[in-house]
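Coordinate inspection notes
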Amino acid sequence: MRCPYCDQDEDRVVDSRPSEGGAAVRRRRQCLACAHRFSTYERVEQEALAVRKRGGEIEPFHRSKLLTGMGKATANLAVSADDLRRAAARIESRLRALGRREVSSERVGAEVLHALRELDPVAYVRFASVYKGFTSPEDFRRELATLEKEAPPKRQPSSPTAP
C-alpha cells in the first residue's frame, strides 16, 4: 500500500477492525518511511448485476432506481428513509444471493412487493397497483382481500384492570 504522504510502499498495519456493518475491514496503517498514519478499507468487489426488462432489454441494476420506486410508493407515509435504505439493501442482497449475473424485472418487483408489505400495507398496494397493472377497482379489492387474509391478527387493546 502506498503512503498518501510520501508515496513509499512500506508500511505496517497498526489496527484492523470490521467496518460498515461487517461489509468492509478498516485497517489503520503507519508508513515506515515518514511515520504518518492513514486508513484503508477492504471491501468485496461485487460482480455487476443486470436486470432483464419485460421487453427483453438488459440494463445494469441500480439500487437508486429501487429506492426511487419505493420512495414513490411510500410518499406521505410514516416510512423513514433509513427503513427504505435497509429494505433496498436487503432486496439487493437477496438478488445477489441467487448467484446469477442477470435477474428479471419481475423478480425485482416481487422482492420490492415483499419488502413493502413488511414496511407499510398502503405502500404495498400503491406499488402493486403499478407493478401488477391494476385497471379496475376490482383489482384493488382482490389485492386488499389477499393482503388482509395473509396479515397477522391485530392486537386487541388491553382493557384496564379492575381495582
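Look a little higher up for the structure.
A short tour of the structure in this document, coming up.

What counts and how
- Residues numbered from 1 in each chain as written.
- Predicted model: local features only at pLDDT ≥ 70, side-chain atom pairs only at ≥ 80, totals over all residues.
- Heavy atoms only, no water.
- Pairing = 2+ DSSP bridges.
- Helix = DSSP H or I, 4+ residues; strand = E, 2+ residues; numbered from the N terminus.
- Axes fitted to C-alpha atoms, helices over the stretch in contact; angles between N-to-C directions.
- Salt bridge = Lys/Arg side-chain N within 4 Å of Asp/Glu carboxyl O.
- Buried < 20%, exposed > 50% of the residue type's maximum accessible area, 1.4 Å probe, protein only.
- Core = buried A, V, L, I, M, F, W, Y, C linked by side-chain atoms within 4.5 Å.
- Contact = heavy atoms within 4.5 Å.
- Parallel < 35°, antiparallel > 145°, perpendicular 65-115°, else oblique.
- Left-handed = near helix turned anticlockwise from the far one by under 90°.
- Nonpolar A, V, L, I, M, F, W, Y, C, P; charged D, E, K, R; others polar.
- Disulfide = S-S within 2.5 Å.

**Describing the sheet that holds strand 2 (residues 24–31)**
Here 3 strands make up an open sheet; going across it, the order is 1-2-3 and the pairing antiparallel. For this open sheet the edge positions go to strand 1 (11–19) and strand 3 (37–43), each flanked by a neighbour on one side alone. With strand direction ignored, the average angle separating the axes of adjacent strands in the sheet is 25°. In this structure, strand 1 lies alongside strand 2, joined through 8 bridges in antiparallel fashion. From the neighbouring strand, Ser16 faces strand 2, where its bridge partner is Arg27.

**Let's talk about the pattern of salt bridges**
Going through the model one piece at a time under the given rule, you end up with 16 salt bridges. In this structure, Glu47 and Arg101 form a salt bridge, with 2.6 Å as the shortest nitrogen-oxygen distance. Placement of Glu47 in the loop between strand 3 and strand 4 (50–52) and of Arg101 in the loop between helix 2 (81–97) and strand 6 (102–104) is noted, with a sequence separation of 54 residues between them. Residue Glu47 is classed as partly exposed on the basis of its relative accessible area of 48%.

**Some remarks on the nonpolar core**
Ranked by size, the top nonpolar core spans 25 residues in total, and within it Leu66, Met70, Ile91, Leu95, Val108, Val112 and Leu116 carry the most contacts. Sorting the residues of this core by element identifies helix 1 (63–73), helix 2, helix 3 (105–119) and helix 4 (121–131) as the ones contributing at least two each. Sequence-distant contacts of Leu116, that is, excluding residues within four places in its chain, are made with Met70, Ala73, Thr74, Pro121, Ala123, Tyr124 and Phe127.

**Things to note about the packing of helix 3 against helix 4**
Where helix 3 contacts helix 4, the two axes come as close as 8 Å, and the packing angle between them is 160°. Comparing their axes, helix 4 and helix 3 come out roughly antiparallel. Once helix 3 is placed against helix 4, the crossing between them reads as left-handed. Every residue of helix 4 that contacts helix 3 at Ser105, Glu106, Gly109, Ala110, Val112, Leu113, Leu116 and Arg117 is listed here: Pro121, Ala123, Tyr124, Phe127, Ala128 and Tyr131. Considering only residue class, the contact of helix 3 with helix 4 consists of 10 nonpolar, 2 polar and 2 charged.

**Regarding the state of the cysteines**
One pass over the full model with this rule turns up 0 disulfides. Summary of cysteine pairing: Cys31 is not part of a disulfide, and the nearest cysteine sulfur, belonging to Cys6, is at 3.5 Å. The exposure class assigned to Cys31 is buried, which follows from its relative accessible area of 3%.

**Focus on the sheet that holds strand 5 (residues 58–60)**
Here 3 strands make up an open sheet; going across it, the order is 5-4-6 and the pairing mixed. Of all the strands in the sheet, just strand 5 and strand 6 have a single pairing partner and so form its edges. Averaged over all neighbouring strand pairs, the angle between strand axes comes to 35°, with direction disregarded. The pairing of strand 4 with strand 6 spans 3 bridges and is classified as parallel. Among the inter-strand pairings, Val51 is bridged to a residue of strand 6, identified as Val103.

Shape descriptors only; they carry no functional weight alone.
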